[in-house]
Amino acid sequence: MKEVRNQKSEIRNQKSHKLLTVCCLLLIAYCLLLTGNSIAEEKALPQGIKVAILPWKINAPQGFEYIKGAVNDMLASRLGAESSIEIVNESSIKSALSKYSQEEITEEIVKSIGQEIKTDYVIYGSITIIAESISIDAKTIAVNKIDQPIFFSSRSKGLENLISLVDEMAKDSKAKILKGAGSAAVTAGASESSTYTGKFVVKEKPAETPEDDDFIIMEKGHVKGIWKSPQFDSSIKHIDIADIDGDKKNEIIILDSHNLFIYRLRNQKLELIKEFKGNVSVKNYSISTDDINNNGVSEIYVTRIVHDKLDSYVLEYKDNEFKTIASDLRWFLRALREPKMGSILLGQKYSSTNGFFGPVQILKWQNGQLEESSVFDIPKNLNIYNFQIADLGKDGATDIISLDERDYLHIYNKDNDGSWKEIWKSGEYYGGSLNRLELGATSDNEASDFIDIKAKIIHEDLDGDGIGEIIINRNDPGVVGRYLKVIRSYKNSEMVNLSWEGYGLEENWRTRKIDGYIADYIVSDIDNDGQKELVIAVTMDGGIGKSYIMAYKLNPVRSLLR
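Residues numbered from 1 in each chain as written. Predicted model: local features only at pLDDT ≥ 70, side-chain atom pairs only at ≥ 80, totals over all residues. Heavy atoms only, no water.

Asks: Would you explain the overall build of the protein chain in this entry?
Replies: Scanning the protein chain from terminus to terminus reveals six helices and 37 strands. Across the protein chain, the fraction of contacts at a sequence separation of at least 24, relative to all contacts at a separation of at least 6, is 49%. Carbon and sulfur atoms make up 49% of the accessible area of the protein chain, which totals about 29,600 Å². (Helix = DSSP H or I, 4+ residues; strand = E, 2+ residues; numbered from the N terminus. Contact = heavy atoms within 4.5 Å. Areas by Shrake-Rupley, 256 points an atom, 1.4 Å probe, with all protein chains shown as cover.)

So this is what it looks like as structure tokens:
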């Protein structure tokens, strides 16, 4: 009996081994099948399809030239959202086009341009506006293939439908380009609409916050936990917070179009410390604070234009009062904390026809006077206000974050040869400013052009992980307003927090929508309690009415993001 039992046991073991072996073989085969499918899918996906968008021919009355850039921006952002499509840089296109400036653009010329800039597809065409009717007629040309052009033509009524036309064109062009390159377009599932729930909205996380979250609109309209100032009769332009009198307590410096005010927040109430009034000939633009002359007290650097000339000045607290220690300065001024150099002062000259003129300079105090020291190394075409410096990857490298003229974010770092190279551009717009230079304006003539002083870009570690985040506003002018040449007002706004993920900026959180225009903002300790707040200056009535300051403690943000 014992031998029989042993034989049965051995048979069972053999069967188990066989079954295990078969299972293992099936599992291996299944894995290989998955891997093969994965590889096949990877091979099927086209990699690095380059698409160039030529400037549009505009058939419309005067005043609609701005649509050319607006449509390019919209189409580029929509096509560029597809990971396998790369949009060719505008500067390369302009250089190639310059050879054909006097010629009618034909398919042959388009192919020549495409070959010169080494692109796979070129999109070009025209936009026609007649009365209330708007139409887009476009061709997409395959540069390196003998393919028929891809035609697109669509019409609608009303300029407000321009965006839907571009959406339609982008969807059609993307599908046909990907199909022509060997793959069907992969359409991502529609994301759920983001509705404000009275809380910070966190990307890819449930819209739930701790019970003590205080960024909540109560049923009766009261805002819990947000400090809000009384209304100011004028529109705030800039705000800064710093200890400017050496008492180890922060003061609040507010700039409107003509005046400068210094306040202190005590027991939740603003106390006016000092007011510097200006007349209607004074046009204030910016303030910044830091101890650049290294005497232990932060100076206030004020940029203004008086009688069409740059006339900046510097204030400092001395002998128990605020005194002007430098005036009649012919620079735009900005105090900046550079990761490697520490606190520095930047200056840039002014031209009444071009706005910002010449390179951005580092200014230093010499014998009680400000003097140009050296040129500050930043990418070309940036001005003194439209960038921030950071070490995004905490690798010791210097990165620059900037806003372009259409309010898209760009990130630059140094190439091996020491030159600046663009490594990323946002698909969404940020910022939005009504603080603008009026070029060519005199007491007798209106401005012939405008240059916006861009929104502040803040880089600071808010969640305590040792890596800084980017805090920036997003003012919303409305669907049509976004594409006007000059935006006159913003209907609502929000603040956004972004982090660099090595390949691009990703949103961490954003605030609720705020009625009105965010003129400026800062992360600082406004009430001197040892905790930082997000302090926002809001102007009502689209940016032309009265204004106020609101402050929100950032502790709940930390707990929310953990």
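Asks: Help me understand unusual backbone geometry, please; the structure alone is not making it clear to me.
Replies: Even without a glycine there, the phi angle at Gln268 is positive, about 65 degrees. Inspection of the secondary structure assignment puts Gln268 in the loop between strand 13 (260-266) and strand 14 (269-276). Phi is positive for Asn320, which is not a glycine, with a value near 65 degrees. Topologically, Asn320 is positioned in the loop between strand 18 (312-318) and strand 19 (321-329). For Asn320, a relative accessible area of 69% translates into the label exposed. (Buried < 20%, exposed > 50% of the residue type's maximum accessible area, 1.4 Å probe, protein only.)

Asks: I keep staring at the pattern of salt bridges and nothing clicks. Help me out?
Replies: Should their charged atoms come close, side chains of opposite charge can pair. For the coordinates displayed, the defined rule picks out 31 salt bridges. Note that Glu316 and Lys318 form a salt bridge whose closest N and O atoms lie 4.0 Å from each other. Relative accessible area serves as the criterion here: at 2%, Glu316 is assigned to the buried category. Relative accessible area serves as the criterion here: at 38%, Lys318 is assigned to the partly exposed category. One salt-bridge network, in which partners are shared between bridges, spans Asp245, Asp247, Glu251 and Arg264. (Salt bridge = Lys/Arg side-chain N within 4 Å of Asp/Glu carboxyl O.)

Asks: Explain the sheet that holds strand 25 (residues 399-403) here, please?
Replies: If you walk across this open sheet you meet the four strands as 24-25-26-27, and the pairing is antiparallel. Edge positions in the sheet fall to strand 24 (387-390) and strand 27 (420-429), since each has one partner strand and no second. Shown here is a sheet whose adjacent strand axes are inclined to one another by a mean of 20 degrees, direction ignored. Taken together, the four bridges between strand 24 and strand 25 define a ladder with antiparallel strand orientation. Its bridge partner being in strand 25, Gln388 is matched across the sheet by Ile401. (Pairing = 2+ DSSP bridges. Axes fitted to C-alpha atoms, helices over the stretch in contact; angles between N-to-C directions.)

Asks: Explain the nonpolar core here, please?
Replies: General note: in soluble globular proteins, nonpolar side chains tend to be found buried as a group. If you look at the biggest cluster of nonpolar residues, it comprises 33 residues, and the most contacted ones within it are Leu409 and Ile536. The dominant element in this core, judged by the number of residues it contributes, is strand 32 (residues 492-500), at four residues. For Leu409, the contacting residues outside a window of four places in its chain are Ile401, Ser402, Leu403, Trp424, Lys425, Ser426, Tyr430, Ile457, Ile472, Leu498 and Leu505. The next biggest cluster of nonpolar side chains, apart from the first, holds 32 residues, and it includes Ile53, Trp56, Ala76 and Ala142. (Core = buried A, V, L, I, M, F, W, Y, C linked by side-chain atoms within 4.5 Å.)

Asks: Please explain the side chain of Thr140 as it appears in this structure.
Replies: As for its placement among the helices and strands, Thr140 is situated in strand 5 (residues 133-142). Thr140 sits in the buried class, given a relative accessible area of 3%. Leave out the neighbours within four places in its chain, and Thr140 touches Tyr121, Val122, Ile123, Pro149, Ile150, Ser173 and Ile177.

Asks: Please clarify how the environment of Glu469 should be interpreted in this entry.
Replies: Within the element layout of this structure, Glu469 appears in strand 31 (residues 469-476). Note on Glu469: relative accessible area 0%, which makes it buried. C-alpha separation for the pair Glu469 and Leu505, spaced 36 residues apart in sequence, amounts to 9.5 Å. One polar contact links the side chain of Glu469 to the main-chain amide nitrogen of Asp463, over a distance of 3.3 Å. (Polar contact = N/O pair within 3.5 Å; in protein donor to acceptor, adjacent residues only side chain to side chain.)

Asks: Help me out: how do you make sense of the confidence of the model for the protein chain in this one?
Replies: If pLDDT is low for a region, its predicted coordinates should not be looked at in detail. Mean pLDDT over the protein chain: 82, with 81% of residues reaching 70 or higher. When mean pLDDT is taken per element in the protein chain, strand 12 (residues 251-256) scores highest with 98 and strand 8 (residues 216-217) scores lowest with 30. Within the model, pLDDT remains below 50 along residues 1-45, and this stretch shows five contacts once partners closer than five positions in the same chain are excluded. The model gives residues 556-562 a pLDDT under 50, and that stretch makes 19 contacts with residues more than four places away or in other chains. (pLDDT = per-residue confidence, 0-100.)

Asks: Help me understand the packing of aromatic side chains in this model?
Replies: What describes a pair of aromatic rings is the distance from one ring centre to the other and the angle between the planes of the rings. Under the criterion given, the structure shown has 10 aromatic pairs. Taking the centre distance of 5.7 Å and the plane angle of 75 degrees together, the rings of Phe332 and Tyr350 count as edge-to-face. Of this pair, Phe332 sits in strand 20 (residues 332-338) while Tyr350 sits in strand 21 (residues 342-351), placing them 18 residues apart in sequence. For Phe332, a relative accessible area of 0% puts it in the buried group. Cluster of aromatic residues (ring-pair linked, three or more members): Phe332, Tyr350, Phe356 and Tyr385. Cation over ring: Lys228 sits above Tyr548, and NZ or CZ is 4.4 Å from the ring centre. One Lys or Arg, Lys425, reaches over the ring of Tyr408 and ends 5.2 Å from the middle of that ring. (Phe/Tyr/Trp six-rings, centres within 6.5 Å; stacked < 30°, edge-to-face > 60°. Lys NZ or Arg CZ within 6 Å of the ring centre and 35° of its normal.)

Asks: Looking at this model, I keep getting lost on helix 5 (residues 162-180). Mind explaining?
Replies: The α-helix advances 3.6 residues per turn, and as a result positions three or four apart in sequence lie on the same side. With 19 residues, helix 5 should reach 27 Å at 1.5 Å per residue; the first-to-last C-alpha distance of 27 Å fits that figure. Regarding helix 5, the residues found buried are Leu162, Ile163, Leu165, Val166, Met169, Ala170, Ser173, Ile177 and Leu178. The inward-facing, buried residues of helix 5 contact strand 1 (49-53), helix 2 (66-80), strand 3 (85-87), strand 4 (121-130), strand 5 and strand 6 (150-157). (Expected span 1.5 Å × (residues − 1).)

Asks: I'm lost on the sheet that holds strand 37 (residues 547-553) in this one. Help?
Replies: The strands making up a sheet are joined through hydrogen bonds of the backbone, oriented either antiparallel or parallel. Here we have four strands laid out as an open sheet, ordered 10-37-36-35, and antiparallel in their pairing. Each having just a single partner strand, strand 10 (227-228) and strand 35 (517-524) make up the two edges of the open sheet. As defined by bridge partners, strand 10 adjoins strand 37 across two bridges and the pair is classed as antiparallel. Within strand 37, the residue paired with Trp227 across the bridge is Ala551.

Asks: What is the right way to look at the pairing of strand 11 (residues 236-242) in this model?
Replies: Where a strand is regular, its side chains alternate between the two sheet faces. With respect to burial, strand 11 is a largely interior element, seven of its seven residues being buried. Both strand 11 and strand 12 contribute to a ladder of six bridges, which runs antiparallel. Its bridge partner being in strand 12, Asp240 is matched across the sheet by Ile253.

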